[in-house]
Amino acid sequence: MQSENTVDHPTTLITGGATGIGAATVRRLLAAGHRVAVTGRDQDRLDRFAAELGAGRDVLLPLAADATDYDAVRGAVEATVKEFGRLDHVIANAGFSTHDNLADGDPGQWREMLMVNVLGPALLVKAALPALQESGGRIVLVGSTAGIKNTPGNMYSVTKTALTSLAENAHVLVTGSGVGVTLIAPGRVDTPFWSSHPDRVVPQGPVLTPDHIADAIVWALRQPAGVDVNTVVVRPLGQVH
Ligand SMILES: NC(=O)c1ccc[n+]([C@@H]2O[C@H](COP(=O)([O-])OP(=O)(O)OC[C@H]3O[C@@H](n4cnc5c(N)ncnc54)[C@H](OP(=O)(O)O)[C@@H]3O)[C@@H](O)[C@H]2O)c1
């Protein structure tokens, strides 16, 4: 595996990167000298984000790509390699919660949640693997503490538990070919993730900022050659589950 420090301008592709944890990570990566490709479903939102950062296409490539559409994901990987000449890291960050449970939830939304939170990261790993094997790069999957501990009937927790499994599953598949895999499992973070919650705001109690998780992601990517950090759980102090 290469060291982050041996490549002048590593190239990183992150899904769902125009808001929240993804946006904070893009800022950190640009500051660390990365060239970054960032996806989301809304090209206008991505372009506004790039303009807000004042980052040109030489360092930031905003690409509309639905994380659940394999052709779109593969297209984003290809566009990144074409634009920047290499791919060192992918970060599967896009995800959402229906904030409901098996008893009172709306099954109509669960399919989409499963597709974005589970299928999406799997598609990204598949699409990026050849380029990552060439660069000796790293994969980061943004899971959740909900993927480590269950709460009653929580379907979001089911999707993130599947992602925890995907991280281990991918690690076993790719570690021998020099590719690293890290699961970052955040506790509560103050982001637009909570705008779909019935209360529309992050629940009362301890909470992290998106920068806290961005720092953990960048730390995992910047490990020395030969070091593969596999699971990082980051809770705000005082969060029990
Ligand atoms: N906030 C928390 O408390 C918390 C805790 C643990 C884990 N997480 C996880 O952290 C990750 C980031 O979430 P966040 O908190 O930063 O919330 P967020 O601000 O809502 O970010 C989610 C991003 O995903 C994108 N997205 C959603 N569906 C997509 C799709 N089909 N294709 C491509 N992009 C898509 C959204 O962009 P568009 O709508 O423009 O497509 C958005 O930018 C998620 O995986 C979430 O489950 C969050």
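Rules of the game
- All chains use their own residue numbering, which begins from 1 and follows the written sequence.
- The model is predicted, so local features are restricted to residues of pLDDT at least 70 and side-chain atom pairs to those at 80 or more, both for listing and for counting; the totals for chains, interfaces and linings are taken over all residues.
- Only DSSP runs of H or I with at least four residues qualify as helices, and only runs of E with at least two residues qualify as strands; both kinds are numbered from the N terminus onward.
- Only C-alpha atoms enter the radius of gyration, while the globule expectation follows 2.2 Å times N to the 0.38, with N the number of residues.
- Neighbour density around each residue's C-beta defines its exposure: 20 or more other C-beta atoms within 10 Å make it buried, 12 or fewer make it exposed, and counts between make it partly exposed, where C-beta atoms are placed from the backbone.
- By definition, residue pairs are in contact when their C-beta atoms, positioned from the backbone, come within 7 Å.
- In this analysis, residues qualify as near a molecule or strand once their C-beta atom, positioned from backbone atoms, comes within 6 Å of it.
- Note that Gly is not counted as nonpolar here; it falls among the polar residues with everything else outside the nonpolar set of Ala, Val, Leu, Ile, Met, Phe, Trp, Tyr, Cys and Pro and the charged set of Asp, Glu, Lys and Arg.
- In this analysis an axis means a line fitted to C-alpha atoms, helices contributing only their contacting stretch, and an angle means the value between N-to-C directions, from 0 to 180 degrees.
- Working definition: roughly parallel below 35 degrees, roughly antiparallel above 145 degrees, roughly perpendicular at 65 to 115 degrees, and oblique for all remaining angles.
- Take the far helix as your reference; a near helix turned counterclockwise from it by less than a right angle gives a left-handed crossing, and one turned clockwise gives a right-handed crossing.
- The directions considered for the arc are those from the helix axis to the C-beta atoms.
- Pairing between strands is defined by DSSP: at least two bridges between the two strands are required.
- By convention, a crossover is right-handed whenever its connection, traced from the first strand over the helix to the second and viewed with the strands pointing away, goes clockwise.
- Each nonpolar core comprises buried Ala, Val, Leu, Ile, Met, Phe, Trp, Tyr and Cys residues, the members being joined through C-beta atoms within 7 Å.

The next point concerns the overall build of the chain. Within the chain, the secondary structure is distributed over six helices and seven strands. The N-to-C order of helical and strand elements in the chain reads β-α-β-α-β-α-β-α-β-α-β-α-β. Relative to the globule expectation of 18 Å for 241 residues, the C-alpha radius of gyration of the chain, 17 Å, shows essentially globular dimensions. In terms of its C-alpha atoms, the chain occupies a principal-axis envelope of roughly 50 × 40 × 35 Å. Taken across its 241 residues, the chain has 44% of its residues classed as buried. Intrachain contacts of the chain at a sequence separation of at least 6 include 70% that bridge at least 24 residues.

The next subject is the site of the ligand. Around the ligand sit 28 residues, and of these Gly16, Gly20, Arg41, Gly95 and Phe193 come closest. Those elements that place two or more of their residues in the shell around the ligand are helix H1 (20-31) and strand S2 (35-40). Top contributing element to the shell around the ligand by residue count: H1, with three residues. Along the lines of polarity and charge, the residues of the shell around the ligand split into eleven nonpolar, twelve polar and five charged.

As a further point, take the packing of H1 against helix H6 (residues 210-221). Relative to each other, H1 and H6 sit at 55°, their axes nearing to 8 Å. When the axes of H1 and H6 are compared, the pair comes out oblique. Handedness of the H1/H6 crossing: right-handed. In this structure, H1 uses Gly20, Ile21, Ala23, Ala24, Thr25, Arg28 and Leu29 to contact H6, whose residues at the interface are Pro210, Asp211, Ile213, Ala214, Asp215, Ile217 and Val218.

Once that is clear, we can look at helix H2 (residues 43-53). Along H2, the positions that sit buried rather than exposed are Leu46, Phe49 and Ala50. Along H2, the residues classed as buried sweep out an arc of 95° about the axis, all on the same side. Facing away from the buried side of H2, by more than 90 degrees, are the exposed residues Asp44, Ala51 and Glu52. Of the surrounding secondary structure, the elements contacted by the buried residues of H2 are H1, S2 and strand S3 (60-64). In the segment just after H2, glycine 54 is the residue with positive phi, at about 65°.

This part takes up the pairing of strand S7 (residues 231-234). Strand direction decides the pairing type here: strand S6 (residues 180-186) and S7, joined by four bridges, are parallel. Its bridge partner lying in S7, proline 186 is registered against valine 234. Following the chain from S6 across H6 to the adjacent parallel S7, one finds a crossover that is left-handed.

Membership of the largest hydrophobic core comes to 58 residues, with the highest contact counts inside it found for Ala128, Ile139, Val140, Leu141, Ile184 and Ile217. A total of eight residues in this core trace back to one element, the largest contributor, which is helix H4 (residues 107-135). Look past the residues within four positions of valine 140 in its chain and what remains in contact with it is His89, Ile91, Thr182, Ile184, Ile217, Ala220 and Leu221.

With that out of the way, let us pick up the sheet that holds strand S1 (residues 11-14). Strand order in the open sheet formed by seven strands is S3-S2-S1-S4-S5-S6-S7, with parallel pairing between adjacent strands. For this open sheet the edge positions go to S3 and S7, each flanked by a neighbour on one side alone. Taking each pair of neighbouring strands and ignoring which way they run, the sheet shows an average axis angle of 15°. Where S2 meets S3, five bridges bridge the pair, whose relative direction is parallel. Following the sheet pairing, glycine 40 is matched in S3 by alanine 64. Its contacts with the sheet place H2 against S2 and S3, and it is angled at close to 165° to S3. On top of the sheet, H6 reaches strand S4 (89-92), strand S5 (138-142), S6 and S7; it is set at about 165° to S6, its chief contact.

This brings us to the environment of glycine 187. Examined against the element boundaries, glycine 187 turns out to sit in the loop between S6 and H6. Accessibility expressed as a C-beta count within 10 Å gives 23 for glycine 187, which makes it buried. As a C-alpha pair, glycine 187 and arginine 235 span 48 residues in sequence and 4.3 Å in three-dimensional space. Contacts of glycine 187, omitting those with residues within four sequence positions, involve Thr145, Leu208, Val234, Arg235, Pro236 and Gln239.

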